[in-house]
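# A closer look at the structure
Each chain is listed here by its residues.
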Amino acid sequence: MFSLISPFFLLRIGLTYFLVWRRKAKKSIPLGDGWWGHGQQTLRDDNKIYPFKVETSEDEINDLHRRIDQMRYTEPLEDCGFQYGFNSNYLQKVVSYWRNQFDWKKQVAKLNEYPHFKTNIEGLDVHFVHVRAPHRPGQKVLPLMLVHGWPGSFFEFYKILPLLTDTKDDLAFEVICPSIPGYGFSEAPHKQGFCSLDAARIFLKLMERLGFNKFYLQGGDWGSLITTNMAQMKPQCVSGLHLNMLAVTKRGVGMLLSLIIGPYLPFLVGFTREDVRRLFPYFEKNVYDLLMESGYMHIQGTKPDTAGCGLNDSPVGLAAYILEKFSTWTDRKNRDLEDGDLEKKYSLDDLLTNVMIYWTTRSIIPSMRFYKENFKTNPQNRVDARTGIFVPMGHAAFPNELMHCPLPWARWRFKDIRSYSYMPRGGHFAAFEEPRLLAEDFVKFVRKVEGKKR
Amino acid sequence: MLLEVLLALVLGAVVLLVLRRSKAAVLKTEDGWWGAGSPPAGAEDESIRPFQVETSREEIEDLQRRIDQTRPVPSLEDSQFNYGFNSTYLQKVAAYWRNEFDWSKQVDKLNQYPHFKTKIEGIDVHYVHVKPKNLPEGRTAVPLIMVHGWPGSFYEFYGILPLLTEPANADDVAFEVICPSIPGYGFSEAPRKKGFNSVCAARVFLKLMRRLGFGRFYAQGGDWGWQITTNMAQLDPTAVKGLHINFAPVENVGPLLILSILLGRRFPGLFGFTELDVKRLYPRVEKMLVEPLKETGYFHIQATKPDTAGRGLNDSPVGLAAYILEKFSTWTDHEFRNLEDGGLERKFSLEDLLTNVMIYWTTGSITSSMRFYKENFAKGFYPPHARIPVTVPTGVAAFPNELMHTPKLWAKQKNHKLKTYTTMARGGHFAAMEEPGLMAQDIQKFIKVVEGKK
């Protein structure tokens with residue numbers, strides 16, 4: 001009996017291994033193509049790059065003030081902190097500052113400190129900030145793209161930009177900070193289906209149009225997925241990929257085993273003590289907490305047009321919706337505080353400037369649609385989820401990030417991890433909250449990559 | 001994957017069954033106090049005060065001003081209602097609301113029935129009290145409490161009230177109907193303290209009925225109304241003569257339920273599954289996982305961050321209308337998601353729909369209405385009342401387009417004295433408002449079975 005079975009058995013094993021190996025051997029994903037403008041595609045493709053300036057007007061500011069004045073206050077429950085969402089009492093303080101002290105004209109001037117541009121790609125006007133390093137003798141300047149997420153914007157990078165572009169040592173960066181189409185000053189897609197793969201391809205085209213054929217990438221939140229897709233589409237163009245957020249892809253038995261054994265014998269599954277501290281108790285930290293914090297994702301992933309409608313009329317509603325994330329995703333303990341500890345790590349000026357980018361461009365609804373477009377097909381079955389990443393990668397694991405991904409899990413997909421750092425402090429909005437820490441880790445990663453090249 | 005999950009569930013259920021001891025079928029509750037600060041010394045004011053809905057020129061002008069200020073964002077091409085409320089159709093609704101809708105006239109319509117308020121557990125509870133006008137000799141009206149849900153209100157019952165209080169048929173029962181507003185909804189005051197869930201609402205409504213002199217009465221409800229009336233029957237089975245529900249989602253997953261899910265398609269007869277049951281439940285993954293996921297984003301965000309979710313909607317009437325009316329479209333028929341106008345006016349008039357929205361708008365109660373979701377899931381999906389069966393005579397009206405379909409077998413697991421189970425000819429979630437005739441008929445059928453048995 002055994003002699004009959006074994007040749008077929010071996011053949012099946014061999015075939016399976018061959019197919020699996022072949023799949024794993026795919027080092028890139030297809031680029032695809034798209035067109036997202038109104039109606040039918042026009043023949044002419046305008047490749048020009050136009051300078052752009054953020055502007056405002058008295059009308060815009062008066063309209064904002066009028067709407068803030070019209071806010072209809074709802075009393076919060078007693079002793080609820082931020083557990084039910086943004087606390088109404090603290091919101092009144094924020095809104096009062098916004099109405100009476102926040103100077104949008106001054107903030108616009110601040111935004112314009114760096115040169116902005118727009119260029120038309122796949123039917124959409126794509127906005128980006130382009131910061132060149134001042135010419136210093138003996139300095140190597142490497143191109144870098146920083147991609148933001150939701151509910152952030154290119155503005156999140158304004159504190160880290162000088163740390164990367166204006167360095168005094170031998171290494172500096174020339175940085176491109178685009179806005180994801182549908183966010184801020186980038187035009188929103190008019191057609192359905194615009195997901196991270198399309199954003200990645202558009203950003204690759206942008207870098208190409210700017211004359212960069214090899215560059216670094218850095219991102220968190222959606223930026224993490226988009227830059228990863230970029231590295232999967234054109235690995236030959238990406239010198240290195242640095243991420244401050246890693247989405248954990250479920251890997252069945254392997255993950256289950258590490259979850260069961262991890263707390264007791266971490267070294268057996270490749271966990272460090274810090275991994276154990278951040279991951280466990282697993283159910284509470286990863287399932288329960290994630291359920292508590294993913295309501296926005298659920299509604300935006302299904303009914304974005306409904307979810308964003310009221311927020312586009314009510315600046316106070318928009319601020320509450322966005323700033324709740326800056327509180328809770330910086331440190332989940334902030335949920336128990338009356339003021340969500342919002343101003344501990346951020347200034348109201350900076351926070352409201354980010355909100356104003358969504359407000360003045362009316363981009364809250366298109367920004368939410370991105371969730372639906374990315375969850376339309378089961379994200380675990382999409383081509384990028386089933387393909388590895390082979391470019392050099394570095395991960396800065398911040399302690400208060402939404403999810404923790406230990407190195408062994410990251411290795412399932414990222415095949416060339418050059419640096420993995422446990423950051424001492426900081427949460428989801430790493431570049432905004434801890435620009436120095438992020439910059440240091442990023443540069444450390446780049447030096448490792450560049451060092452290996454020489 | 002699903003098979004493994006279901007097998008695990010079966011095993012788990014068997015284990016639970018073996019370990020669980022039979023529980024006493026009594027729902028316990030403690031008293032509560034929901035006003036601001038501490039309860040005052042002395043007895044509570046139990047007076048019943050007549051109440052009139054009122055409006056003013058300021059209120060109407062403010063509404064119109066805000067509608068004028070709305071900042072619409074065009075929907076994606078060909079997206080109909082799949083991304084939420086369609087922008088083009090929303091502008092039509094807003095234009096009607098701004099120029100044709102007559103709120104003063106609707107307020108008069110609301111006041112055609114007598115309204116009252118009374119203080120219970122520290123908050124003002126609003127209700128409509130409708131007595132039959134022409135009762136034949138020797139007949140007494142049967143008391144009935146009808147409880148609404150979200151995003152509905154007492155106004156949903158205005159179509160069915162005349163059919164119940166002045167039935168056309170001589171041998172139909174004439175009802176004396178109480179339609180309260182759930183605390184936090186419409187004209188009922190919102191609780192100031194955390195923890196006001198469906199059991200608290202049930203206790204408050206039991207006190208209301210007692211205060212009005214009704215020792216024994218019938219209860220009817222859908223959506224939250226189902227949960228609250230069910231809790232009423234669990235808290236005081238002697239007071240609730242019969243319970244009629246048009247919504248009966250499963251709270252308790254037992255081995256019989258799992259077996260029926262696994263085998264029901266192949267052997268419907270074994271479980272008493274009708275054609276409608278099979279159509280609504282299979283294919284399993286699509287109907288029991290994907291569809292509910294697509295429609296529960298609102299639930300998720302309201303059950304976690306209600307204050308954030310409601311914030312913008314309290315300033316933007318158009319945003320509020322989009323949020324609420326999206327449900328009146330999709331929950332009436334899922335197919336309406338593929339229509340440019342969401343099929344909204346096929347079953348409802350804009351006048352009625354907007355009157356319901358105005359109840360949320362003029363009272364500023366959207367946020368407090370959302371908090372009810374969080375309060376009810378504070379202790380997870382399996383609170384004590386989910387494990388306790390209902391022992392009063394129950395009637396289920398199963399409408400074909402209801403959000404969650406419950407076959408008779410499943411309804412029996414919870415309602416041990418299921419007297420009637422009717423597969424209704426047509427209708428969705430807002431049954432009383434959409435099909436008042438059919439609903440009234442089924443209530444009569446149920447009552448006759450219960451009273452007849454006596």
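Residues numbered from 1 in each chain as written. Chains lettered and ligands numbered in written order. Predicted model: local features only at pLDDT ≥ 70, side-chain atom pairs only at ≥ 80, totals over all residues. Heavy atoms only, no water.

## Considerations on the overall build of chain A
For clarity, the threshold we go by: Secondary structure counts use DSSP, requiring at least four H or I residues in a row for a helix and at least two E residues in a row for a strand, with both numbered from the N terminus. In this description the radius of gyration comes from C-alpha coordinates, and the expected globular size is given by 2.2 Å times residues to the power 0.38. Residue exposure (1.4 Å probe, protein chains only): buried if accessible area is under 20% of the type maximum, exposed if over 50%, otherwise partly exposed. With residues, only the protein chains shown are counted as cover, and all accessible areas are computed by Shrake-Rupley using a 1.4 Å probe.
Broken down by element type, chain A carries 19 helices and nine strands. Taking 2.2 N^0.38 as the reference for a compact globule, 454 residues should give roughly 22 Å; the C-alpha atoms of chain A span a radius of gyration of 23 Å, in line with that estimate. Projected onto the principal axes, the alpha-carbon positions of chain A cover approximately 85 × 55 × 50 Å. Here chain A, with 454 residues, has 60% of them falling under the buried criterion. Put simply, chain A shows about 19600 Å² of open surface, and 57% of that area lies on carbon and sulfur atoms.

## Points about the interface of chain A and chain B
Interfaces are often sized by the amount of accessible area the parts lose when they come together. Heads up, the condition is: For this analysis, residues touch if any pair of their heavy atoms sits within 4.5 Å. Definition used for salt bridges: Asp or Glu carboxyl oxygen within 4 Å of a side-chain nitrogen of Lys or Arg. Residues are sorted three ways: Asp, Glu, Lys and Arg are charged, Ala, Val, Leu, Ile, Met, Phe, Trp, Tyr, Cys and Pro are nonpolar, and all the rest, Gly among them, are polar.
In this complex, chain A contributes 61 residues to the contact, which on the side of chain B involves 58 residues. The partner of B:Arg192 in a salt bridge is A:Glu75, with the nearest N and O atoms 3.5 Å apart. Those elements giving two or more residues to the side of chain A that touches chain B turn out to be helix 2 (58–69), helix 3 (88–100), helix 10 (282–293), helix 11 (295–300), helix 12 (304–309), helix 13 (315–328) and helix 16 (364–375) of chain A. When residues of the side of chain A that touches chain B are assigned to their parent elements, the largest contribution, six residues, is made by helix 13 of chain A. Taken together, the residues of the side of chain A that touches chain B sort by class into 22 nonpolar, 21 polar and 18 charged.

## So, the side chain of A:Asp305
Relative to the helices and strands, A:Asp305 is located in helix 12. Since its relative accessible area comes to 5%, A:Asp305 is described here as buried. Ignoring anything within four residues of it in the chain, the contact list for A:Asp305 reads A:Ile365, A:Arg369, B:Ser75, B:Tyr83, B:Gly84 and B:Phe85.

## Thoughts on the UniProt feature "active site" (unreviewed entry) in chain A
All names here are of chain A. For the record, the criterion: UniProt positions are given in the numbering used here, feature names are shortened, and annotations may be inferred rather than shown by experiment.
In the UniProt entry, the feature "active site" (unreviewed entry) is given for Asp221, Tyr371 and His428. Locating Asp221 in the fold gives a position in the loop between strand 6 (215–219) and helix 7 (222–233). The residues touching Asp221, leaving out its near neighbours within four places in the chain, are Gly149, Trp150, Met245, Trp329, Tyr371 and His428.

## Some words on the UniProt feature "domain: Epoxide hydrolase N-terminal" (unreviewed entry) in chain B
With numbering matched to this structure, UniProt assigns "domain: Epoxide hydrolase N-terminal" (unreviewed entry) to residues 48–157 of chain B. End C-alpha to end C-alpha, residues 48–157 of chain B measures 22 Å, and it is 30% helix and 22% strand.

## Some details on the sheet that holds strand 8 (residues 394–398) of chain B
All names here are of chain B. For clarity, the threshold we go by: We call two strands paired when DSSP finds no fewer than two bridges between them. Axis definition: a line fitted to C-alpha atoms, over the contacting stretch in the case of helices. Angles run 0 to 180 degrees between N-to-C directions.
The strand order 1-2-3-5-4-6-7-8-9 describes an open sheet built from nine strands, whose pairing is mixed. Among the strands making up the open sheet, the edge pair consists of strand 1 (48–51) and strand 9 (418–423). The average undirected angle you get between the axes of adjacent strands in this sheet is 25°. Across three bridges, strand 7 (residues 240–245) lies against strand 8 in parallel orientation. Each bridged residue has a counterpart across the sheet, and for Leu243 the counterpart in strand 8 is Thr394. Sitting on the sheet, helix 6 (residues 198–211) touches strand 1, strand 2 (115–120), strand 3 (123–130), strand 4 (142–147), strand 5 (175–180) and strand 6 (217–221), and the angle it makes with strand 2 is about 115°. Contacting strand 4, strand 6 and strand 7, helix 7 (residues 224–235) crosses the sheet at an angle of about 160° to strand 7.

## Regarding the packing of aromatic side chains
Our working definition: For Phe, Tyr and Trp, rings pair up if their centres lie within 6.5 Å, where Trp contributes its six-membered ring, and each pair is then called stacked (planes under 30 degrees apart), edge-to-face (over 60) or tilted (otherwise). Whether a charge sits over a ring depends on NZ of Lys or CZ of Arg being within 6 Å of the ring centre and within 35 degrees of the ring normal.
For the structure shown, the criterion picks out 68 aromatic pairs over all chains. With centroids separated by 6.4 Å and ring planes inclined at 75°, the aromatic side chains of B:Phe273 and B:Trp410 adopt a geometry described as edge-to-face. Here B:Phe273, found in the loop between helix 9 (268–271) and helix 10 (275–281), pairs with B:Trp410, found in helix 19 (residues 408–414); they are 137 residues apart in sequence, far enough to count as distant. Residue B:Trp410 is classed as buried on the basis of its relative accessible area, which comes to 9%. Here the basic side chain of A:Arg72 rests over the ring of B:Trp361, its NZ or CZ set 3.5 Å away from the ring centre.

## What about the confidence of the model for chain B?
The condition that has to hold: A residue's pLDDT is the predictor's confidence in that residue, given on a scale from 0 to 100.
In this model, chain B carries a mean pLDDT of 93, and residues with pLDDT of at least 70 account for 97%. Per the prediction output, this complex has pTM 0.92; the corresponding ipTM is 0.91.

## As for unusual backbone geometry
Along the chain, B:Trp150 connects to B:Pro151 via a cis peptide bond; the corresponding omega equals -5°. Inspection of the secondary structure assignment puts B:Pro151 in the loop between strand 4 and helix 5 (161–165). The omega angle of the peptide bond from B:Tyr282 to B:Pro283 is 0°, so this bond is cis rather than trans. Along the polypeptide, B:Pro283 turns up in the loop between helix 10 and helix 11 (284–295). The phi dihedral of A:Glu122 is positive, around 55°, even though this residue is not glycine. By secondary structure assignment, the location of A:Glu122 is in the loop between strand 2 (116–121) and strand 3 (124–131).

## Re the side chain of B:Thr304
Looking at where B:Thr304 falls in the secondary structure, it is placed in the loop between helix 12 (297–302) and helix 13 (306–311). For B:Thr304, a relative accessible area of 5% gives the class buried. Residues within four places of B:Thr304 in sequence aside, it is in contact with A:Gln83, A:Tyr84, A:Leu291, A:Met292, A:Gly295 and B:Lys374.

## Comments concerning helix 4 (residues 103–110) of chain B
Because each turn of an α-helix spans 3.6 residues, side chains separated by three or four positions end up pointing in the same direction. All names here are of chain B. Note the threshold: Taking the helix axis as origin, the arc is that swept by the directions to the C-beta atoms. Between N or O atoms, a polar contact is any pair within 3.5 Å; within protein, one atom must be a potential hydrogen donor and the other a potential acceptor, and residues adjacent in sequence are included only when both atoms are from side chains.
For helix 4, the full list of buried residues reads Trp103, Gln106, Val107 and Leu110. End-on, the buried residues of helix 4 take up no more than an arc of 105°, which puts them together on one face. Residues of helix 4 that are buried sit in contact with helix 2 (57–68), strand 2 and helix 16 (350–363). Between the side-chain oxygen of the N-cap and the backbone nitrogen of Ser104 there are 3.2 Å, and the N-cap of helix 4 in question is Asp102.

## Here's the deal with the sheet that holds strand 4 (residues 140–147) of chain A
Residue and element names in this part refer to chain A. Here nine strands make up an open sheet; going across it, the order is 1-2-3-5-4-6-7-8-9 and the pairing mixed. In the strand order of this sheet, the two ends are held by strand 1 (49–52) and strand 9 (417–422), each with one partner. Adjacent strand axes in the sheet meet at a mean angle of 25° when their direction is disregarded. In terms of strand pairing, strand 2 meets strand 3 through six bridges, oriented antiparallel. Residue pairing across strands places Phe117 opposite Phe128, the latter belonging to strand 3.

## Some remarks on the environment of A:Arg436
Of note, A:Arg436 is situated in helix 19 (residues 435–453). With 272 residues separating them in the primary sequence, A:Arg436 and A:Leu164 have C-alpha atoms 9.6 Å apart.

## Thoughts on the UniProt feature "transmembrane region" (unreviewed entry) in chain A
Feature annotation in UniProt assigns "transmembrane region" (unreviewed entry) to the following positions: residues 6–21 and 253–271 of chain A. Within residues 253–271 of chain A, the helical portion is 47% and the strand portion 0%, while the C-alpha atoms at the span's ends are 16 Å from each other.

## Some thoughts on helix 7 of chain A
All names here are of chain A. Heads up, the condition is: To estimate the expected span of a helix, count its residues, drop one, and scale the result by 1.5 Å.
With 12 residues, helix 7 extends 16 Å between its outermost C-alpha atoms, agreeing within 8% with the 16 Å of an ideal straight helix rising 1.5 Å per residue. Of all the 12 residues making up helix 7, 11 are buried; the element is thus mostly covered by neighbouring parts of the structure. Within helix 7, burial applies to Trp222, Gly223, Ser224, Ile226, Thr227, Thr228, Asn229, Met230, Ala231, Gln232 and Met233.

## What to know about the packing of helix 3 (residues 87–99) of chain B against helix 14 (residues 317–330) of chain B
Each pair of packed helices can be described by the angle between their axes along with the distance between the axes. All names here are of chain B. The criterion, for reference: Note on terminology: angles under 35 degrees are roughly parallel, angles over 145 are roughly antiparallel, angles of 65 to 115 are roughly perpendicular, and the others are oblique. For a crossing to be left-handed, the near helix must be turned anticlockwise from the far one by less than a right angle; the clockwise case is right-handed.
Packing of helix 3 against helix 14 leaves a shortest axis separation of 11 Å and a crossing angle of 120°. Looking at the two axes, helix 3 sits oblique to helix 14. In this structure, the crossing between helix 3 and helix 14 has a hand that is right-handed. Note on element contacts: helix 14 touches helix 3 through Pro317, Val318, Ala321, Ala322 and Leu325, opposite Leu90, Val93, Ala94 and Trp97. Grouping the amino acids of the contact of helix 3 with helix 14 by side-chain chemistry returns nine nonpolar, no polar and no charged.

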